[in-house]
Structures are given as structure tokens and as C-alpha cells.
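Structural description and commentary
As a plain string of letters, each chain reads:
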Amino acid sequence: MARIIELLSPTPPGWGGTLLVGLLHSVEIAAGAFGLGLVIGICGAYGKLYGGPVVRDLLAVYTTIVRAVPELVLILLLYYAGTDLINQLLTAMGYQRIDISGLVAGIAVLGFVQGAYSTEVMRGAILAIPQGQIEAARAYGMSPGLLLRRITLPAMLPFAIPGLANLWLIATKDTALLAVVGFFELTLATRQAAGVTKAYLTFFLAAGVIYLLLTLVSNLIIGRIEVWARRGMPSLKEAR
Amino acid sequence: MIAQGTAPALKYTAQNDAAEAIHVENLHKRFGELHVLKGVSLSARDGEVIAIIGGSGSGKSTLLRCINCLENPTSGIVRVNGEEIRMKADSHGHTVPADRRQIERIRSKLGMVFQNFNLWSHMTLIENVIEVPVHVLGVKRDVAIAEAEKLLARVGLAEKRDVYPAYLSGGQQQRAAIARALAINPRVMLFDEPTSALDPELIGEVLKVIGDLAREGRTMVLVTHEMKFAREVATHVVYLYNGLVEEEGPPEQIFGAPKSERLKQFIRNIG
């Protein structure tokens, strides 16, 4: 027991600090990817609902392919092929090759994947808004941008939150997939610690607990956000 | 401009010298194969209350919704405040507003009240009422709030200012929607069957508010099934049948001495 505590201690020779740095990176990636996914999702949903035929077709191809191909494959593909493509473009245009940071690449890759799922969640949520509320906003002279900001986004939020909460939790765990491309996040940190100390059970259990805690804290925050987003809606309990 | 509060006395002189707030000329609207409006003309001068009546599918709601381009007319002229809405054909051959800013500007002068209230569910009543003044018209927030409080008090909802629409009765929601429309100080108010979604015992409270507005000289175009009410408040009644104006005139004539057979039958059936 004393050995376990010593191994997990946040200061060397304990590996707790390493795990926490890994967690920090995981959360950074997850938050960045989720945020990028939201932006892509809003644009994607708008494009699918209101865009012209070309935009709609392109978005259909995007959401279909991303959701059809295993994420690990997409990550490998986008990470290696994507960075290679950027560098080839840069050299072709006469610029220096650049080193793309793992953080940026990870956010971009996972965000691209999240965006496809997010698009569908948002599309469903926008369709669930009573159309009269959108119509009222138009009837009072709101511009499309104002309407999106003041009416559509807040009105669709209650319908989007369950789906988006799922996506956030998936994002936190998908960060583990980035271990295969050598990004130092929680899973890779755990593997390193376990490999060096041979205390596999201890470290992987610890990582499991950390992922669980992350989920529990997330649920707490999501619950608060959901109560706020549903402020105008009578609770189902009262309606029963 | 007609002095407010004296509208009944000026009821008919209004038609001659007041400025024209709404002018609709030879309006057509097709939904694909369906020809809903087949050349309708309509005029509302300042201080007039125009009631549009007609059976289901006669095109009366479509006509109202063409005035602020919630539906784009297929052809014809719509002038609001003397300004003609410019239309153009899009790539599919549909007629659409040529200038989005123009249509937004015109819409912000027309206070629309819907059959299903359409209050914004994520905002309290006071937030609903100040939304357009603050975010579309650029009124200062505290000024808008003071004005909104007066309007809510006027429709009898002062103590409900911080309540969300879902917690209110249909009649209360519709009165709040009328306050929202008044908050933009509209040139014309458009009512699209404002009592059709209400329980019978709630209709009276909403009609009372609308009636008060009519009596103080608000310009209105009102689509309604409430014939008794139309007779009381309207200065001019338009009876639509199958996409055309079948008969129009002062309410005494329309309800008291209708000429067209169809109108006679419509009044018999509905009354």
C-alpha cells in the first residue's frame, strides 16, 4: 500500500505528476476539439438546413464519411497525411516546412471528427425549435446573424444538450486515441509510468479513476448548464 | 396624422386625407401549382382598422403575411409607408426580396401578432418585449425596460414581467405578444387570427386589448374569425373568397347589407 502511494505521489520519484500533466493535455485537447466541433457543427447544421444543393451535398459527404470510418483510422490518416499535405503545400509555395505541434494537430483532427457528429446533433436541435419563434424574429426585422445569436442558438440549446454532452464525454476519451501518434496525454503518460515501474495494475487503475472523475465532474457541470438552458421550460416532473 | 383617441369620430374621414400606411396592389401568390392569391388589392390609411375575413383557404392569412414578406408574393406591389418593397427573381425563379436590409427595416415598423403567440420561450416576458427595441432598433436597455414595463402594465401583465411564457395561459401569452408588438412603436399592427388558438373564455381579454388599441387610432390590419368584433372595431372590412376580394366596404354594409351571395352565406354560417 505504501508503495502504491509512493508510486502515485505527485512529486518524483512518484509518477502522479506525470499523470496529471497527461490529464491536463487530454482536457486541453478535448476542450479544443469539442469547441472546434461546435463551430463546425453550427455551420454544418446551418448549411444542411438552409444551404444550396452544392453545400448540402458536400456536408452530406463530410458527415457520412467521418461517421463511417473508424476514428482511429481517421486520426492516423489526418495526423500523418494532414501534416504531410500541409508541409508539401508549404514547400511547393516556397516556404519552410513547419513542425505542427501535437496539441494543434490533435485538436484539429478530433475537432474535425466531432464536427460531423455535432452537425447532426445541432441540425436535430434546430429542427426541434418551434418554427413560430424563428418566424417571429424574422417578422420583427432581425438579420440572419442576430437571429442566430439571439433566438436560434439559445432556443435550440435545450434540445442539443443531451447530444452535446455525449459528444463531450466521447471527446474526453477519444484523446486516448492520440497516444498512437505519440501525443503525450493521459493514456500515454500512464503507459510510460507503468512501463518504467512495471506497476501496470496500479497505473491503469489510476488512469481509469481519473477518467471516471473527469466524467463525474463533467456531468455535474452539464447538469447545471442544462437547468439554465431549460429555464423557460416547465419541468417534466411538474407536468406529470 | 390623425389625433389619437378620437378615431371613432374620424372613422371615415380618415380614408380621404390620411397618409397611406399599407398599399397592396394586384397581389398574386402561388405555392407551386396552388394559386392562393389571384390579384388582391388592399389599402390601409393611418388610423384605419382593416378587417380581413373569409373562409378557410381563402388566402386571408397569406395576404397578411405577404405584407411583411413572411411569404414572398409571386407578383404585385406592396408599399409600406409609401416605400415599395423591391423584389427580384432568384436562381430558381422564385420571387424574393431584392434587398434584405430594406425588408428588415420595413419589418421593424410592422408589429405582428400571431395566431400561436410565438413568444420566445427562453426569455421572460420583459425580455421578450425589450428584445426587438434593444437589439434591432438600438434603444438603450434601461429606456426599453421602462417602456416595456408600461406596456406590460397596460395589457395587465405587470406582475408577470419575470415569468417565462410557458408558465402563462394562452390569453396572457397573446397579451404579452401584443405588448411586444407595441414596443417597437409600430406604424401598422398586423394581427393574424389572434384569438383562433385560444380557449373560448380567454378570447374576451385579448379582444378587449385589441379593441382599446383600435379605439385610440392605431392603424391595423386584422385577419379574424370574430365577426362581432370585426363589426365593432373595423373601419373597413374585406371579404376574401378563393384568393380574390369578393366584397369590401364599411362594416355596416358588409354585415348589414351584403351584396354577394357568397358573403351572405358566409355570414349566415359563421354567425
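Residues numbered from 1 in each chain as written. Chains lettered and ligands numbered in written order. Predicted model: local features only at pLDDT ≥ 70, side-chain atom pairs only at ≥ 80, totals over all residues.

Looking at an unreviewed UniProt entry, one finds chain B named Amino acid ABC transporter ATP-binding protein, PAAT family and attributed to Mesorhizobium muleiense. The UniProt entry for chain B carries the following comment under Sequence similarities (unreviewed entry): "Belongs to the ABC transporter superfamily." Quoted verbatim from the Subcellular location (unreviewed entry) field of the UniProt record, the comment on chain B reads "Cell membrane". (UniProt positions renumbered as here; feature names shortened; annotations may be inferred.)

An unreviewed UniProt entry annotates chain A as Polar amino acid transport system permease protein originating from Mesorhizobium muleiense. Entered under Sequence similarities (unreviewed entry) in the UniProt record, the comment concerning chain A runs "Belongs to the binding-protein-dependent transport system permease family. HisMQ subfamily."

What about the UniProt feature "domain: ABC transporter" (unreviewed entry) in chain B?
Here, UniProt's "domain: ABC transporter" (unreviewed entry) annotation points to residues 22-267 of chain B. Here residues 22-267 of chain B runs as 37% helix and 27% strand, with 27 Å between its end C-alpha atoms. (Helix = DSSP H or I, 4+ residues; strand = E, 2+ residues; numbered from the N terminus.)

Details of the domain arrangement of chain B
Where interface size is given, it is often the accessible area lost as the parts come together that is meant. Residue and element names in this part refer to chain B. For chain B, the domain assignment lists domain 1 (20-109 + 187-269) and domain 2 (117-185). Computed from C-alpha atoms alone, the centre-to-centre distance between domain 1 and domain 2 is 24 Å. On the side of domain 2, twelve residues touch domain 1, which itself brings ten residues to the contact. With four residues, the top contributor of residues to the side of domain 1 that touches domain 2 is helix α8 (residues 200-215). Partitioned by chemical class, the residues of the side of domain 1 that touches domain 2 number seven nonpolar, one polar and two charged. (Domains from an automatic or database assignment. Contact = placed C-beta atoms within 7 Å. Nonpolar A, V, L, I, M, F, W, Y, C, P; charged D, E, K, R; others polar.)

Here's the deal with the packing of helix α7 (residues 170-182) of chain B against α8 of chain B
Residue and element names in this part refer to chain B. At a minimum axis distance of 8 Å, the contact between α7 and α8 shows a crossing angle of 15°. When the axis of α7 is compared with that of α8, the two are roughly parallel. For the pair α7 and α8, the sense of crossing is right-handed. Here α7 contributes Gly170, Gly171, Gln174, Arg175 and Ile178 to the contact with α8, which in turn contributes Leu202, Glu205, Val206 and Val209. A class-by-class count of the residues in the contact of α7 with α8 yields four nonpolar, three polar and two charged. (Axes fitted to C-alpha atoms, helices over the stretch in contact; angles between N-to-C directions. Parallel < 35°, antiparallel > 145°, perpendicular 65-115°, else oblique. Left-handed = near helix turned anticlockwise from the far one by under 90°.)

Concerning the sheet that holds strand β1 (residues 20-31) of chain B
Residues and elements named next belong to chain B. Read from one edge to the other, the open sheet built from four strands follows the order β2-β1-β4-β5, with strand pairing classed as antiparallel. The sheet terminates laterally at β2 (34-45) and β5 (83-84), the two strands that pair on one side only. Relative to the sheet, helix α3 (residues 60-67) contacts β1, β2 and β4 (75-80), its axis offset from that of β1 by approximately 120°. (Pairing = 2+ DSSP bridges.)

Overview of the environment of Leu110 of chain B
Residues and elements named next belong to chain B. Mapping Leu110 onto the fold places it in strand β8 (residues 110-113). In this structure the C-alpha to C-alpha distance between Leu110 and Thr62, which are 48 residues apart in sequence, comes to 16 Å. What Leu110 contacts, discounting residues up to four positions off in sequence, is Asn68, Val80, Pro186, Arg187, Val188 and Leu190.

Topic: the environment of His23 of chain B
Residues and elements named next belong to chain B. In this fold, His23 is placed in strand β1. Residue classification places His23 among the partly exposed positions, given that 19 C-beta atoms sit within 10 Å. Once the C-alpha coordinates of His23 and Glu83 are considered, the two residues, 60 residues apart in sequence, prove to be 9.4 Å apart. Setting aside residues no more than four positions away along its own chain, His23 makes contact with Ser43 and Arg79. (Buried ≥ 20, exposed ≤ 12 C-beta atoms within 10 Å, placed from the backbone.)

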